[in-house]
Amino acid sequence: MVISSLVVETTPETTARVAEDLGRIEGVEVHETNSYKVVVTIEAETLDESHDIASTFVALEGVIGINLVYANFEDDPTVQKAAER
């Protein structure tokens, strides 16, 4: 399981709606909104899947930036296979 924490920056007038939209995405949990920022975590099976989920955020109206804060990927089976090569 890959767990990532991100801060999603929004235009101020869209923060609440973006937080709601993010909360509807499978694997995403919204933890807090603060001014124009939304703190989320993503739980996914692989880094690629986590990246794919985060990539959908940019399509949400009002999102102006996405910042990765933390990623734990030691349990990602695709990383383990690559390291064994």
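Now for a quick tour of the structure. (Residues numbered from 1 in each chain as written. Predicted model: local features only at pLDDT ≥ 70, side-chain atom pairs only at ≥ 80, totals over all residues. Heavy atoms only, no water.)

### Remarks on the pairing of strand 3 (residues 37–44)
Stage number 1. Judged from the eight bridges that link them, strand 1 (residues 2–10) and strand 3 form a sheet pairing that is antiparallel. In the sheet register, Ile3 faces strand 3, and the bridge partner there is Glu43.
Stage number 2. Here six bridges tie strand 2 (residues 28–34) to strand 3, and the two strands are oriented antiparallel to one another. When the bridges of strand 3 are listed, Asn34 appears paired with Lys37.
Stage number 3. In sequence, strand 2 turns back onto strand 3 through a hairpin of two residues, with Ser35 there showing a positive phi of about 60°. (Pairing = 2+ DSSP bridges. Helix = DSSP H or I, 4+ residues; strand = E, 2+ residues; numbered from the N terminus.)

### Remarks on the nonpolar core
Stage number 1. Val8, Leu22, Val28, Val40, Ile42 and Phe57 are the most contacted members of the largest nonpolar core, which has 15 residues in total.
Stage number 2. Among the elements that make up this core, the one with the highest residue count is strand 3 (four residues).
Stage number 3. Excluding residues that lie within four positions of it along the chain, Ile42 makes contacts with Val2, Ile3, Ser4, Leu6, Gly27, Val28, Ser50, Ile53, Ala54 and Phe57. (Core = buried A, V, L, I, M, F, W, Y, C linked by side-chain atoms within 4.5 Å. Buried < 20%, exposed > 50% of the residue type's maximum accessible area, 1.4 Å probe, protein only. Contact = heavy atoms within 4.5 Å.)

### Quick look at a negative patch on the surface
Stage number 1. Together, Glu26, Glu45, Asp48, Glu49 and Asp52 make up a region of like negative charge exposed at the surface.
Stage number 2. Note that Asp48 resides in helix 2 (residues 47–55).
Stage number 3. Note on Asp48: relative accessible area 56%, which makes it exposed. (Patch = residues over 30% accessible without salt bridge, like charges linked within 9 Å, V, L, I, M, F, W, Y side chains within 5 Å. Areas by Shrake-Rupley, 256 points an atom, 1.4 Å probe, with all protein chains shown as cover. Salt bridge = Lys/Arg side-chain N within 4 Å of Asp/Glu carboxyl O. Lys, Arg positive; Asp, Glu negative; His and termini not counted. Charge placed at Lys NZ, Arg CZ, Asp CG, Glu CD.)

### Brief notes about the sheet that holds strand 2
Stage number 1. An order of 2-3-1-4 is seen for the four strands of this open sheet, with the pairing classed as antiparallel. Either end of the sheet is taken by a strand with one partner, and the two such strands are strand 2 and strand 4 (63–72). For this sheet, the mean angle separating the axes of adjacent strands, direction not counted, is 20°.
Stage number 2. Across the sheet, helix 1 (residues 15–23) touches strand 1, strand 2, strand 3 and strand 4, and the angle it forms with strand 2 is around 165°.
Stage number 3. Across the sheet, helix 2 is in contact with strand 1, strand 2, strand 3 and strand 4; its angle to strand 3 comes to roughly 145°. (Axes fitted to C-alpha atoms, helices over the stretch in contact; angles between N-to-C directions.)

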